[in-house]
Amino acid sequence: MNTRRTPRRSPGPVLEDASETCPDCLQTYAYALEVRCVVCDDPRCPFCVVTATLSTGAPHCRACARTEAS
């Protein structure tokens, strides 16, 4: 029977400083990872930014992405 365990790893200095809260998903994220919408300038976590569906490729929040797409 193998009793070796993988040692716990620290999330790193960027993720340990999770002090901001995303207004879309309400998850905490580090300020260094914050992305701002090019239209309304609201902050978002990197997971809630929409870029793939827009022709410009610029970061948009979900509300501004819906407005730009219509």
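The structure this text deals with has already been given above.
The structure presented is a predicted model; accordingly, all values stated were derived computationally and were not measured.

Conventions and cut-offs
- Residues numbered from 1 in each chain as written.
- Predicted model: local features only at pLDDT ≥ 70, side-chain atom pairs only at ≥ 80, totals over all residues.
- Heavy atoms only, no water.
- Helix = DSSP H or I, 4+ residues; strand = E, 2+ residues; numbered from the N terminus.
- Buried < 20%, exposed > 50% of the residue type's maximum accessible area, 1.4 Å probe, protein only.
- Contact = heavy atoms within 4.5 Å.
- Areas by Shrake-Rupley, 256 points an atom, 1.4 Å probe, with all protein chains shown as cover.
- Polar contact = N/O pair within 3.5 Å; in protein donor to acceptor, adjacent residues only side chain to side chain.
- Salt bridge = Lys/Arg side-chain N within 4 Å of Asp/Glu carboxyl O.

J.: Would you mind showing me how to read the overall build of the protein here?
T.: Of regular secondary structure, the protein possesses two helices and four strands. Residue burial in the protein is summarised as follows: out of 70 residues, 23% are buried. Counting only contacts in the protein whose residues sit at least 6 apart along the sequence, the fraction spanning at least 24 positions is 12%. Of the roughly 5,600 Å² of accessible surface on the protein, 51% is carried by carbon and sulfur atoms.

J.: Help me out: how do you make sense of the environment of Asp-24 in this one?
T.: Looking at the secondary structure, you find Asp-24 in the loop between β1 (20-21) and β2 (28-29). You can call Asp-24 partly exposed: its relative accessible area is 31%. Beyond its immediate chain neighbours, meaning those up to four positions away, Asp-24 contacts Arg-44, Cys-48 and Arg-62. A distance of 2.9 Å separates the side chain of Asp-24 from the side chain of Arg-44, its partner in a polar contact.

J.: When you look at the side chain of Glu-34 in this model, what are you seeing that I'm missing?
T.: With respect to the secondary-structure elements, Glu-34 resides in the loop between β2 and β3 (35-36). Given the relative accessible area of 18%, Glu-34 is considered buried. For Glu-34, the side chain forms a polar contact with the side chain of Tyr-29, separated by 3.1 Å. Among the polar contacts made by the side chain of Glu-34, one reaches the side chain of Arg-36 at a distance of 3.4 Å. For Glu-34, the residues in contact, after removing those within four places along its chain, are Glu-20, Tyr-29, Pro-43 and Arg-44.

J.: Mind showing me how you'd approach the pattern of salt bridges here?
T.: Oppositely charged side chains are able to pair whenever their charged atoms sit close together. Tallied over the full model, the rule gives three salt bridges. A salt bridge links Glu-34 to Arg-36; the nearest nitrogen and oxygen atoms lie 3.4 Å apart. What makes Arg-36 partly exposed here is its relative accessible area of 39%. Taking the shortest distance from any N to any O, the salt bridge between Asp-41 and Arg-36 comes out at 4.0 Å. Through salt bridges with shared partners, a single ionic network connects Glu-34, Arg-36 and Asp-41.

J.: Just to check I follow, could you spell out the side chain of Arg-44 for this structure?
T.: Residue position: Arg-44 is located in strand β4 (residues 43-44). For Arg-44, the contacting residues outside a window of four places in its chain are Cys-22, Pro-23, Asp-24, Tyr-29, Glu-34, Val-35, Val-49 and Cys-61.

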